[in-house]
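Secondary and tertiary structure notes
The residues making up each chain are set out below.
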Amino acid sequence: MVLLTTNRVLSFSSRKLRLMWDMPFSTVQGVTIENTGIRFVSKAGKEQDRFVYIQSQSSIEWFFNEVANVVKGYNARRRLER
């Protein structure tokens, strides 16, 4: 299970509702679509990248668009804060 907020992406285990990983947008270098999901590329290096597995192509495209909208808003807020 993945939760997209205005500042970060979190992944939970759906069985025990335990946090698997948490990636603030301040640490994200980029977001890419792959054949089986979406990769969040970390500024800290490839070993810190996070991957969200998504079965259907239409769901991958939908979630990527949601991420793009949230990241645009995040970047706009950061520019205003400077």
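Residues numbered from 1 in each chain as written. Predicted model: local features only at pLDDT ≥ 70, side-chain atom pairs only at ≥ 80, totals over all residues. Heavy atoms only, no water.

1. A word on the nonpolar core
Grouped burial of nonpolar side chains is what soluble globular proteins tend to show. Formally: For our purposes a nonpolar core is just a set of buried Ala, Val, Leu, Ile, Met, Phe, Trp, Tyr and Cys residues, chained together by side-chain atoms within 4.5 Å. Burial here depends on accessible area, computed with a 1.4 Å probe over protein chains only, as a share of the maximum for the residue type. Under 20% is buried, over 50% is exposed, and the range in between is partly exposed. To qualify as a helix, a DSSP run of H or I must reach at least 4 residues; to qualify as a strand, a run of E must reach at least 2; elements of each kind are numbered from the N terminus. Two residues form a contact once any of their heavy atoms are found within 4.5 Å.
Core analysis: the largest hydrophobic core is formed by 13 residues, its most contacted members being Trp 21, Ile 38, Phe 40, Ile 54 and Phe 63. Contributing elements (two or more residues each) for this core: strand 3 (19-24), strand 5 (37-42) and helix 1 (57-81). At four residues, the largest contribution of residues to this core is made by helix 1. Aside from chain neighbours lying at most four places away, what touches Trp 21 is Val 9, Leu 10, Ser 11, Phe 40, Arg 50, Phe 51 and Val 52.

2. Considerations on the pattern of salt bridges
Rule in force here: Just to be clear on terms, a salt bridge is a Lys or Arg side-chain nitrogen sitting within 4 Å of an Asp or Glu carboxyl oxygen.
Across all of its chains, the model carries two salt bridges by this definition. Here Asp 22 makes a salt bridge to Arg 8, at a shortest N to O gap of 2.6 Å. Separated by 14 residues along the polypeptide, Asp 22 in strand 3 and Arg 8 in strand 2 (residues 8-12) bring together distant segments of the chain. Judged by relative accessible area, which is 33%, Asp 22 ranks as partly exposed. Residue Arg 39 is joined to Glu 34 by a salt bridge in which the shortest nitrogen-to-oxygen separation is 2.7 Å. Look at Arg 39 and you get partly exposed, because its relative accessible area is 26%.

3. A look at helix 1
Condition: Helix span, as expected, comes to 1.5 Å for every residue beyond the first.
Its 25 residues place the ends of helix 1 36 Å apart at the C-alpha level, agreeing with the 36 Å of an ideal helix rising 1.5 Å per residue. Buried residues of helix 1: Ile 60, Phe 63, Val 67 and Tyr 74, and no others. On its buried side, helix 1 packs onto strand 1 (2-4), strand 4 (28-34) and strand 5.

4. Let's talk about the sheet that holds strand 5
Test applied: Paired strands, in this sense, are two strands between which DSSP finds at least two bridges. To get an axis, a line is fitted to the C-alpha atoms, and for a helix only the part in contact is used. The angle between two axes follows their N-to-C directions and goes from 0 to 180 degrees.
Here we have three strands laid out as an open sheet, ordered 4-5-6, and antiparallel in their pairing. The sheet is open, and its two edges are formed by strand 4 and strand 6 (50-53), each paired on a single side. Ignoring which end each strand starts from, the neighbouring axes of this sheet average 15° apart. For strand 5 and strand 6, the ladder comprises four bridges, and the chain directions are antiparallel. From the neighbouring strand, Gly 37 faces strand 6, where its bridge partner is Tyr 53.

5. A short note on the sheet that holds strand 2
An order of 1-2-3 is seen for the three strands of this open sheet, with the pairing classed as antiparallel. Sheet topology places strand 1 and strand 3 at the edges, where each strand pairs with a single neighbour. On average, adjacent strands in this sheet sit at an angle of 15° to one another, irrespective of strand direction. Pairing geometry for strand 2 and strand 3, over five bridges, is antiparallel. By the bridge assignment for strand 3, Phe 12 is matched with Leu 19.

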